[in-house]
Amino acid sequence: MNTLQFLMDGFSIAFQWQNILFAFVGVLIGTAVGVLPGIGPMSGVALLIPVTATLTAGLPTEAAAASSIILLAGVYYGAMYGGSTTSILLNTPGESSSVVTTLDGYQMAKQGRAGSALSIAAIGSFAAGIISLIGLVLLAEPLSNVALQFGPAEYFSLMLLGLAAVSGLAGKSMTKALMMTVFGLMLGTIGIDAVSGIARFTYDIPVLYSGLEFLTIAVGLFALGEVFKTVLERDHEDGTMAKIGRILPTRQDLKESAAPILRGSFLGFFIGVLPGAGATLASFFSYIGEKKFSKNPEQFGKGAIAGVAGPESANNAASGGAMIPLLTLGIPGSGTTAILMGALIMYNIQPGPLLFDDHPEVAWGLIASMFVGNLMLLILNMPLVKVFAKIIQTPKKYLLPIIIAISFFGVYAVQYTTFDLYLLLACGVLGYLLTKNDFPVAPLVLALVLGPMIENNMRRALTISNGEFSIFVTNPISLVLLLIAAAWLLIPLLLKLKGRSVVLNEEG
Amino acid sequence: MSKTFDRFAGIAFLLIGLLFVIESQRISKSSYGSAVGPDIFPIGLGAVLILLSLRLLYETFRYQAKTESGEPVLYKKFLIIFVSALLYAALLEPLGYVITTFAFLLIAFQTMERGKWIKSIIIAGVFSFGVYYFFAEFLGGSLPGFPVF
C-alpha cells in the first residue's frame, strides 16, 4: 500500500462519527485553553488525558487510543489558534508562542483592525496547519524506514540527543535544565525494573512498585503549578478589550500576508521538526525574518499585518512539525509532545517507526483527523471569535478551584489511589517553586517519559557489546547523534562565553 | 532568581544524588549474569546529579543576587486552599466524591473572593453532582460517590 492509500484509510477512521466528535471537542477545548491565559497547551493536554481515558473506556484498545490521541492533539494545535486571540485583543499572550503576536496584533486592534488581525491569524494558522500536515504525510514513511534500521545503541544516542536539545534550549540556566533532566530520569527508575524484574527504590511501599505515574506528575507540575502561581501572585490584567469589528480581512490585508504566511509555515515546520525548538522559537524567528524581508520594516510594531501573519503561521506549523519526531522516531521534542507520547504509552501503543506498521489506524487516523481539525478550527475561529473572546472574562475565582477539582478527578479516576492525590499536590507546589526559580519543568517530564526507554536501550546495547561502553562511539550513526547532542549543549555555552545573547525556548 | 532558593535546591539535589548512589548499591545484582545490572543507570544518574548540583552551588557564589521587588505573595489564601485540597484528598474515599468536591469548591471559591454565596453554591453543586453523574452513571466509571455507612 502506498502513502495515499494509508491516508485514505486514515480519513475513513477520522470520519467515524465519534472521531469527528472527538476532534471537534479537542479543538474546541484547545481554543479555549489557548484563549485562557494561565493554562497552556501542556497543562490542557495533561488535564484531559484522564477525561479521554474514561470517555474511551468502552472501545477496543486501538480505537480508544486513536480517539483519545485525536482529541488530545486537537487540544495541542487548537491552542495555537486560540493563543493569538488574547494577544491581539488584550495585549496579553494566551501562550508563550503568541508573545510576538502582541507586538503588531495589539497595535492593529488599537487602530480598529482587530477583526482583520484575528482572521489573518486564523487563515495563517490554517494554511500552516495544512502545509505542515502535507510535510508530515510525505516525511512519515521515509523517516520511519530510516529509524527501523536503528539498533539499541542508535536509539540510546538519539534519545540522549532529544534530551540534550530540550535541556539546551529550556530556561535561563543550562545547569538547572540539566539538573531537572537528570532528576526526571531518576524518578523514572523508581519501581520494578523492566529488564530484570528487580524492585528499585520502592522500600516495600506497594504503590511505588508500578513506578510514579507520569500523568500525576505532569498534571501536578504544569496545571497545579500554574494554579498555585496565580493564587499566590495576583495578576493584574484589567486591560480593556479591543472591539473586534469587521471580521473578514480586506483584499489588501490578504495580499500583504500571503507571502509571510507561506514563509512562516515552512520555517515553522522545519523548526518544529527539530527537537527542543518549539512553537515559541518558530514564531520568534518568523517575526525577525518578516521584519528583514519587509519593504517597510519601520511599520513593524505599529500594526504591520505581516507581523501577525508570519508568527501565527509559524507557531501552528511548528506544532504540526513537532508531531514528526514523535510519530516516526518515538522521540518527543517538547513538553507537550512528551505528554502526548505518555498518553499513547498509557494505551500500550509505542510511538516510533513501528507505529506506522503496527498501528496504522492510530497514526494515519491522527494525521487525517488533523486535516479535519484544522478545517474545524478555521470555521470556529472566524465567525465565533467573538464568543471565544468572552471566555477571557471567565472569573479567575471560579476557574482556579475548578481546575484543581478537575485535576483531582482526573488523577483519581485513572489511578484510584489517594497516594496519587498527595503526589499531585506535592508536584503542584514543586512545580510552582521550580518554575519561579528558573528550574524548567518541561525537561523533567520529558525525561520521565524517556527514562525507561533510554535505560532499556542502553542496557540492551551494553549486553550486545558485553559491557563495553565503546559501542556507543564505534557505531557511526550513534557517534554522529552523540556529537550533535554534545554540540547542542556546548554551542549555547560557547555563545554565552562570547557574550552573545542566546534565544531561549520558554515554552518547553 | 533567588540565591537562597538556588543554594537550598543545590544542596537538596546534591543529597538526592548521594542518596541515589548509596541506595543503588543495595539493589540486588542481576540474576542472568549480564554485565549491566539494574544498578548502573541509577548510579550514573546520581553521580551526574551530584556534579550538576556542585556546579549550581558554585554558580550561586558567582552571580549577584537580584533584589526581589516582587509583589506581596498571598500566603494566607494559598494555605487555606492547599490545606483544604489536602483534606479533600484525605476525605475523598471515606466521604465520597460528591460531598468532598462540593465542600472543597465552596471553600476555595469563598477564599478566592468573599460573597456571592448563592452563585458559589450553585456552581459547586452543579460541578460536583454533574461530574459524578456523568462519570459514574452515564459513562459507568467507578468513583466513590457517597459515604459508605
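Section: the overall build of chain B
Next up, step 1: What chain B contains, in helices and strands, is 5 helices and 0 strands.
Next up, step 2: Seen in sequence order, chain B has helices and strands lined up from the N terminus as α-α-α-α-α.
Next up, step 3: Split into buried and exposed, the 149 residues of chain B put 28% on the buried side.
Next up, step 4: Restricting the contact set of chain B to residue pairs at least 6 apart, pairs at least 24 apart contribute 59%.

Regarding the confidence of the model for chain B
Residues and elements named next belong to chain B.
Next up, step 1: Overall, the predicted model of chain B reaches an average pLDDT of 83, with 85% of residues at or above 70.
Next up, step 2: Within chain B, helix 4 (residues 97-112) carries the highest mean pLDDT (92), whereas helix 5 (residues 117-138) carries the lowest (87).
Next up, step 3: Overall fold confidence for the complex sits at a pTM of 0.85, while the interface term, ipTM, reaches 0.90.

Re the packing of helix 9 (residues 214-232) of chain A against helix 20 (residues 442-464) of chain A
All names here are of chain A.
Next up, step 1: Where helix 9 contacts helix 20, the axes come no closer than 10 Å and their chain directions differ by 175°. Classified by the interaxial angle, the pair formed by helix 9 and helix 20 is roughly antiparallel. Here helix 9 contributes F214, I217, A218 and L221 to the contact with helix 20, which in turn contributes L444, V445, L448 and V449.
Next up, step 2: Grouping the constituent residues of the contact of helix 9 with helix 20 by class yields 8 nonpolar, no polar and no charged.

What to know about the environment of R114 of chain B
All names here are of chain B.
Next up, step 1: Position of R114 among the secondary structure elements: in the loop between helix 4 and helix 5.
Next up, step 2: Using a count of 10 C-beta atoms within 10 Å as the deciding quantity, one classes R114 as exposed.
Next up, step 3: As for R114 and I16, which are separated by 98 residues in sequence, their C-alpha atoms are 42 Å apart.

Here we look at helix 11 (residues 279-293) of chain A
Next up, step 1: Counted at 1.5 Å a residue, the expected span for helix 11 of chain A with its 15 residues is 21 Å, and the 21 Å between its end C-alpha atoms agrees.
Next up, step 2: Residues of helix 11 of chain A that are buried make contact with helix 4 (61-90), helix 5 (99-110), helix 10 (251-273) and helix 12 (306-321) of chain A.

Let's talk about the packing of helix 9 of chain A against helix 3 (residues 75-95) of chain B
Next up, step 1: Interhelical geometry of helix 9 of chain A versus helix 3 of chain B gives an angle of 140° and a closest axis separation of 8 Å. Overall, the two elements helix 9 of chain A and helix 3 of chain B adopt an arrangement that is oblique. For the pair helix 9 of chain A and helix 3 of chain B, the contacting residues are F228, V231 and L232 of chain A in the first and K77, F78 and I81 of chain B in the second.
Next up, step 2: When grouped by side-chain class, the residues that make up the contact of helix 9 of chain A with helix 3 of chain B number 5 nonpolar, no polar and 1 charged.

Concerning the nonpolar core
Next up, step 1: Counting 203 residues, the largest nonpolar core has A46, I69, L72, L340 and V445 of chain A as the members making the most contacts within it.
Next up, step 2: Among the elements that line this core, the one with the most residues is helix 4 of chain A, at 16 residues.
Next up, step 3: Of the domains in this structure, domain 1 (3-62) and domain 2 (75-138) of chain B are the two that each give at least three residues to this core.
Next up, step 4: For L72 of chain A, the residues in contact, after removing those within four places along its chain, are G26, V45, L48, I49, T52, L340 and A343 of chain A.

Rules used throughout
- Residues numbered from 1 in each chain as written.
- Chains lettered and ligands numbered in written order.
- Predicted model: local features only at pLDDT ≥ 70, side-chain atom pairs only at ≥ 80, totals over all residues.
- Helix = DSSP H or I, 4+ residues; strand = E, 2+ residues; numbered from the N terminus.
- Buried ≥ 20, exposed ≤ 12 C-beta atoms within 10 Å, placed from the backbone.
- Contact = placed C-beta atoms within 7 Å.
- pLDDT = per-residue confidence, 0-100.
- Axes fitted to C-alpha atoms, helices over the stretch in contact; angles between N-to-C directions.
- Parallel < 35°, antiparallel > 145°, perpendicular 65-115°, else oblique.
- Nonpolar A, V, L, I, M, F, W, Y, C, P; charged D, E, K, R; others polar.
- Expected span 1.5 Å × (residues − 1).
- Core = buried A, V, L, I, M, F, W, Y, C linked by C-beta atoms within 7 Å.
- Domains from an automatic or database assignment.

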